[in-house]
Amino acid sequence: GKLKMFVDELPEMPKIPGFHLSSHGLPKSKSLKIGMFMKKWKFHRDLPPTPVFAYGESKSKATVPGPTIEAVHGVATYVTWQNHLPSKHILPWDPSIPTAKPLNKKGVPTVVHLHGAIDEPSSDGNSNAWFTNGFKEVGPTWTQRTYRYRNLQHPGNLWYHDHAMGLTRVNLLAGLIGSYIVRHPEIETPLGLPSGPEFDRTLMVFDRSFRSDGSIYMNSTGNNPSIHPQWQPEYFGDAIIVNGKAWPRLIVRRRKYRFRIINTSNARFFRFKFSNGLQFIHVGSDSAYLSRPVFTNDILLGPSEITDVIVDFSKSNSSSVILANDAPYPYPSGDPVNESNNKVMKFVIKRYRDVDTWRVPKKLIDYPKPDFSSATRTRYIAMYEYTSETDEPVHLYLNGKPYEAPATETPKAGTAEIWEVINLTEDNHPLHIHLGLFAAMEERELVDLDKFKSCMTKQNDAVKCQISKHARGKISQVQAHESGWKNVYKMKPGVVTKILVRFSYIHSNASYPFDATAEPGYVYHCHVSTLFNLLFKRTRKYEIFLF
Ligand code: C2O
């Protein structure tokens, strides 16, 4: 049967401070233990409980999404991530792809990446640094149980999620996601933005399908079953889940709220829009504040992308409003949305106007503007379908290199580089870079695409294939709310996107207080299912199989 929409209240995930207060009231660093547990989770009033993998301080406290960790700028948070999962996965995964494989064949490999964090590689959640229940088995790049998050970076929104080689997509689908906020009260409080638990909310949005017994439905036959019996690069579900409830509702006052919205879907893009014309006032994008607020009527959010918006319900001309979605899936040329996935949640607006003490200042936070003249070099990063005779016809690689190939992007900490990202595929790819923040500067359509593509699949070299001759199409400017420092940007098909990548903090000139060239290095990758690459020291790694 069909699930009724807007019957469950929007949950607030448990909050865990990433610091403790000294006797003088000063924040001091703190050590947390957060486990991964198998338990049952109610996604909807009328749906039987669903077996999930959930993060939490204990099994009874574990939630989907996991707890929100609230850190303070400059105060380190140590987390020992502990795997308490059973020996068998709740979802089908595929050992025929490059994947984390415990030798005794038991246990679910996991490793946690804090998406948007600037920390040393040994705390970055390298895909091969996985571990099973009780650390009984660990992957080849595993070094330590406890991760150190320095929180020395600018304030903003991060999220943690599983990152294990070949299993990330199923571990996320099972529920291993959570949000993490770095707060900097000295800088943020004077802004006067909506704050406190009632007015400052995190919304983690994803899509899932369920069987009638409540379990998560995932097609267990691979796209190319004779080679990979179960592996599928993308997942789309029909129910839209916010903070662990399908199509929830939230009662709000007639005043301003802040929503930190994270698209935690594996492959679904959302284009959010309010049914009554309410606007979004953007104050941040991914982990960083914008320099000024930007008003829009809709928001296109790719997998793993974060938007930070103010919504002023006093401007509403109706007593309730639906947050809708109209992004085709896969984006941009897939199926149109249907009756279920075209709605996200509902806001029920109280009748009387409240005194609103929050404001949206004209100026937010100014970080250095992207400066091309600071770049030490230009790299070309091409995404295209690569054909080999021995495997299935299509792999998506970065510059035609597989995960195992040696590192090619080995920038120096403290520098900035121009990357021209060339998307020769049909899909939009949300490119995510660990460690470095980047600014998208310009998008140019490619001309003579077929010729360029066929050259690239033979030569793997954008310069030899005369990228300058092909990058001559229509130029578009990056939209204002996406023009700040980001860690994910949506790379459009048939387009070259020029980005400036900065391998240093954006809020200070201090260099990283750790060795950014140490093993096992960092990665950059598409956050859907396809491309994966390592920065510094390690490789150009592709990945079809991460997600
Ligand atoms: Cu959100 Cu490498 O990941």
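Our structure's up above, just so we're on the same page.
Computed from a prediction, not measured in an experiment: that's the story for all the values here. (Residues numbered from 1 in each chain as written. Predicted model: local features only at pLDDT ≥ 70, side-chain atom pairs only at ≥ 80, totals over all residues. Heavy atoms only, no water.)

Undergrad: How do you make sense of the overall build of the chain when you look at a structure like this?
TA: If you tally the helices and strands in the chain, you get four helices and 33 strands. The globule rule puts the C-alpha radius of gyration for 547 residues at 24 Å, and the 22 Å found for the chain is close to it. Relative to all contacts within the chain whose residues are 6 or more apart in sequence, the contacts with residues 24 or more apart total 76%. For the chain, the accessible surface area stands at approximately 20,900 Å², while carbon and sulfur atoms represent 51% of it. (Helix = DSSP H or I, 4+ residues; strand = E, 2+ residues; numbered from the N terminus. Rg over C-alpha atoms; globule rule 2.2 N^0.38 Å. Contact = heavy atoms within 4.5 Å. Areas by Shrake-Rupley, 256 points an atom, 1.4 Å probe, with all protein chains shown as cover.)

Undergrad: Just to check I follow, could you spell out the pairing of strand β18 (residues 280–285) for this structure?
TA: Each regular strand displays side chains that alternate between the two surfaces of the sheet. Of all six residues in β18, six are buried, a share of seventy percent or more. Inspection of the sheet shows β18 paired to strand β21 (residues 306–312) by four bridges, in the antiparallel sense. Considered in β21, the bridge of Ser285 is made with Thr307. (Buried < 20%, exposed > 50% of the residue type's maximum accessible area, 1.4 Å probe, protein only. Pairing = 2+ DSSP bridges.)

Undergrad: What is the right way to read the nonpolar core from this model?
TA: Note that soluble globular proteins tend to have their nonpolar side chains buried in a common cluster. The biggest cluster of nonpolar side chains holds 88 residues, and the ones touching the most others in it are Trp81, Phe259, Phe272, Phe313 and Phe347. Leaving out residues up to four positions away in the same chain, Phe313 has contacts with Val252, Arg253, Arg254, Arg255, Tyr257, Phe259, Leu278, Val321, Phe347 and Ile349. Counting 26 residues, the second largest nonpolar core, distinct from the first, contains Ile281, Val283, Tyr505 and Ala516. (Core = buried A, V, L, I, M, F, W, Y, C linked by side-chain atoms within 4.5 Å.)

Undergrad: I would appreciate a short explanation of helix α3 (residues 449–459) in the present structure.
TA: An α-helix turns once per 3.6 residues; consequently, residues spaced three or four apart project the same way. All of the buried residues along α3 are Phe452, Cys455 and Met456. The buried residues of α3 occupy one face: seen down the axis, they fall within an arc of 100 degrees. Seen from the open side of α3, the exposed residues pointing more than 90 degrees away from its buried face are Asp450 and Lys458. (Arc of directions from axis to C-beta.)

Undergrad: How should the sheet that holds strand β7 (residues 112–115) be read in this particular structure?
TA: In a beta sheet, neighbouring strands are held together by backbone hydrogen bonds and run either parallel or antiparallel to one another. Strands sit in the order β1-β5-β10-β9-β7 across an open sheet of five strands; the sheet is mixed. Taken across any chain shown, the strands that pair with only one partner, and hence form the sheet edges, are β1 (15–17) and β7. Averaged over all neighbouring strand pairs, the angle between strand axes comes to 25 degrees, with direction disregarded. (Axes fitted to C-alpha atoms, helices over the stretch in contact; angles between N-to-C directions.)

Undergrad: Can you walk me through the pattern of salt bridges in this structure?
TA: If the charged atoms of two oppositely charged side chains come close together, the side chains can form a pair. Enumeration according to the criterion identifies 29 salt bridges in this entry. Notably, a salt bridge pairs Arg201 with Glu12, separated by 3.0 Å at the nearest N-O pair. Residue Arg201 is located in strand β11 (residues 200–210), and its partner Glu12 is located in the segment before β1; the two are separated by 189 residues in the primary sequence. Given a relative accessible area of 12%, Arg201 falls into the buried group. Take Glu12: its relative accessible area is 36%, and that puts it in the partly exposed class. Its salt-bridge partner being Arg183, residue Glu70 comes within 2.9 Å of it at the nearest N-O pair. Of this pair, Glu70 sits in strand β5 (residues 68–72) while Arg183 sits in strand β10 (residues 177–183), placing them 113 residues apart in sequence. A relative accessible area of 16% places Glu70 in the buried class. (Salt bridge = Lys/Arg side-chain N within 4 Å of Asp/Glu carboxyl O.)

Undergrad: How should the packing of aromatic side chains be read in this particular structure?
TA: The description of an aromatic ring pair uses the distance of the two centres, along with the angle that the planes make with each other. Taken as a whole and judged by the stated rule, the model has 24 aromatic pairs. For the pair Tyr149 and Tyr180, a centre-to-centre distance of 5.9 Å together with 75 degrees between the ring planes defines the contact as edge-to-face. With a gap of 31 residues between them, Tyr149 in strand β8 (residues 146–149) and Tyr180 in strand β10 connect regions that are remote in the sequence. In this pair, the class of Tyr149 matches that of Tyr180, namely buried. Seen in terms of ring centroids, Phe269 and Tyr331 are 4.9 Å apart; in terms of plane orientation they differ by 20 degrees. Their pairing is stacked. Within this pair, whereas Phe269 is found in the loop between β16 (256–263) and β17 (270–274), its partner Tyr331 is found in the loop between β22 (320–325) and β23 (343–353), the two being separated by 62 residues in sequence. Here Tyr331 falls in the buried class, since its relative accessible area comes to 13%. By way of ring pairs, the aromatic residues Phe199, Tyr257, Phe259, Phe274, Phe280, Phe313, Phe347 and Trp358 are connected into one cluster. Its guanidinium or amino end placed over the ring of Tyr329, Arg268 lies 4.2 Å from that ring's centre, counting from NZ or CZ. For Arg502, the ring lying beneath its charged end belongs to Trp485, and the centroid distance is 5.8 Å. (Phe/Tyr/Trp six-rings, centres within 6.5 Å; stacked < 30°, edge-to-face > 60°. Lys NZ or Arg CZ within 6 Å of the ring centre and 35° of its normal.)

Everything listed here is a matter of geometry and, on its own, says nothing about what the molecule does.
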